[in-house]
Amino acid sequence: MAMEIAAQLYTVRAKTQTEQDIAQTLRKIKEIGYDWVQISAFGKCRAEFLRDELEKNGLRVCATHTPIERITDDTENVIAEHKLLGIPYVGLGYYPAKTLEDAKGLLKRILPAARKLHESGLQFIYHNHFMEFARMENGQRVLDYYLEQTTPEEFGLLPDLYWLQFAGLSPEKFLTEHADRIRVIHLKDMKVDGESGDRRFAEIYNGNMDYDFILKTAEQSGVLYAAVEQDECYGTDPFESLQISRRNIRAHYGI
């Protein structure tokens, strides 16, 4: 299966808080060139309504970001909703862990549910920021502990390539080394200010990251879905930012 480019709808989260806004947003996302989306930070929305709107617009969903409380305490309904919507990956978008006790706490909470997800045919995936690469009191990085203590079936990864770069890692090396855990990734570019050295989010190919090499490595590593995300758009309309990224990926990389 060729790698698909998706829109991470966290980018347009201000426009997904009501069912009416969600319907309008899905229509716009299709119009600007996406066939796949990731669901994240939605307001209250009926699963059947979402299924119908996705079908109406010819969109499919590669993954979600689902609150940890729902994954752990409402696992059966999470499974049912993902199956209704045809979503294979259940993502956790954030978990604050700074100490070994924190890291152990996440695994204790999430692994029973993650195993149930896998048994049902779904896959749990964990999304990183930069904090997971800080070292704990034992000298080990948080994410390394998660990987050491789990199997790929229990604990998949949803690497955010911007945050890998921000934390000082090579996105390409990370994708290659952990290919057995990675089928979904987040694309966002990093622009560096020439005077201050500050780093900020940018549309894909409008920043300083080597996206030709990154996308080639992702495909070679078995990534199925690459979701474009821009946390902040700095005065540009978020839909326009998503459109710029989609257009640039087609022009530069051809998918």
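In short, a report on the structure. (Residues numbered from 1 in each chain as written. Predicted model: local features only at pLDDT ≥ 70, side-chain atom pairs only at ≥ 80, totals over all residues. Heavy atoms only, no water.)

1. Some details on the overall build of the protein
- Per the secondary structure count, the protein includes ten helices and ten strands.
- Projected onto the principal axes, the alpha-carbon positions of the protein cover approximately 50 × 50 × 35 Å.
- Within the span of the protein, comprising 255 residues, buried residues form 54% of the whole.
- Pairs at least 24 residues apart make up 75% of the contacts formed inside the protein by residues separated by at least 6 positions.
- Looking at the protein as shown, the accessible area adds up to about 11,600 Å², and 46% of this sits on carbon and sulfur atoms. (Helix = DSSP H or I, 4+ residues; strand = E, 2+ residues; numbered from the N terminus. Buried < 20%, exposed > 50% of the residue type's maximum accessible area, 1.4 Å probe, protein only. Contact = heavy atoms within 4.5 Å. Areas by Shrake-Rupley, 256 points an atom, 1.4 Å probe, with all protein chains shown as cover.)

2. Observations regarding the nonpolar core
- Ranked by internal contacts, the top residues of the largest apolar core, which has 75 residues, are Ile29, Tyr146 and Leu187.
- When residues in this core are grouped by element, the largest group, nine residues, is from helix α5 (residues 100–119).
- If near-sequence neighbours (up to four positions away) are discounted, tyrosine 146 is found in contact with Tyr95, Ala97, Ala103, Leu106, Leu107, Tyr126 and Phe155.
- Grouped together as the second largest cluster of nonpolar side chains are eleven residues, Ala6, Leu158, Tyr225 and Ala227 included. (Core = buried A, V, L, I, M, F, W, Y, C linked by side-chain atoms within 4.5 Å.)

3. Considerations on the pattern of salt bridges
- Applying the stated criterion to the full structure yields 14 salt bridges.
- Its salt-bridge partner being lysine 188, residue aspartate 160 comes within 2.5 Å of it at the nearest N-O pair. You can see aspartate 160 sitting in the loop between β6 (156–158) and α7 (161–166) and its partner lysine 188 sitting in the loop between β7 (184–187) and β8 (189–192), a full 28 residues away along the chain. A single burial state applies to aspartate 160 and to lysine 188, both of which are buried.
- Notably, a salt bridge pairs glutamate 177 with lysine 173, separated by 3.8 Å at the nearest N-O pair. Highlighted residues: glutamate 177 and lysine 173, both in helix α8 (residues 171–177), separated by four residues, approximately one helical turn. When sorted by exposure, glutamate 177 lands in the same class as lysine 173, which is exposed.
- Residues participating in the shared-partner salt-bridge network are Asp160, Lys188, Glu229 and Asp231. (Salt bridge = Lys/Arg side-chain N within 4 Å of Asp/Glu carboxyl O.)

4. Things to note about the side chain of glutamate 132
- Mapping glutamate 132 onto the fold places it in the loop between β5 (123–127) and α6 (142–149).
- Notably, glutamate 132 is buried but unbridged: the nearest opposite-charge side chain belongs to arginine 141, and the N-O separation is 11 Å.
- Separated by 2.8 Å, the side chain of glutamate 132 and the backbone nitrogen of histidine 129 make a polar contact.
- Residues within four places of glutamate 132 in sequence aside, it is in contact with Tyr95, Tyr126, His127, Arg141, Val142 and Leu143. (Lys, Arg positive; Asp, Glu negative; His and termini not counted. Polar contact = N/O pair within 3.5 Å; in protein donor to acceptor, adjacent residues only side chain to side chain.)

5. Brief notes about the pairing of β7
- Along β7, one buried face is formed by Val184 and His186 and the opposite face, lined by Ile185 and Leu187, is buried too.
- As paired strands, β7 and strand β10 (residues 225–228) are joined by four bridges and run parallel to one another. Bridge assignment links isoleucine 185 to a residue of β10, and that residue is alanine 226. (Pairing = 2+ DSSP bridges.)

6. Some points on the pairing of strand β9 (residues 199–202)
- Judged from the four bridges that link them, β8 and β9 form a sheet pairing that is antiparallel. The partner of aspartate 189 across the bridge, within β9, is alanine 202.
- The antiparallel pairing of β8 with β9 creates a hairpin that spans six residues between the two strands, and glycine 197 there sits at a positive phi of about 80°.

7. Structural notes on the environment of threonine 150
- With respect to the helices, strands and loops of the structure, threonine 150 is situated in the loop between α6 and β6.
- Considered as a pair, threonine 150 and leucine 111 are 39 residues apart in the sequence and their alpha carbons are 8.5 Å apart.
- With sequence-adjacent residues up to four places away left out, threonine 150 is seen in contact with Leu107, Leu111, Phe155 and Arg181.

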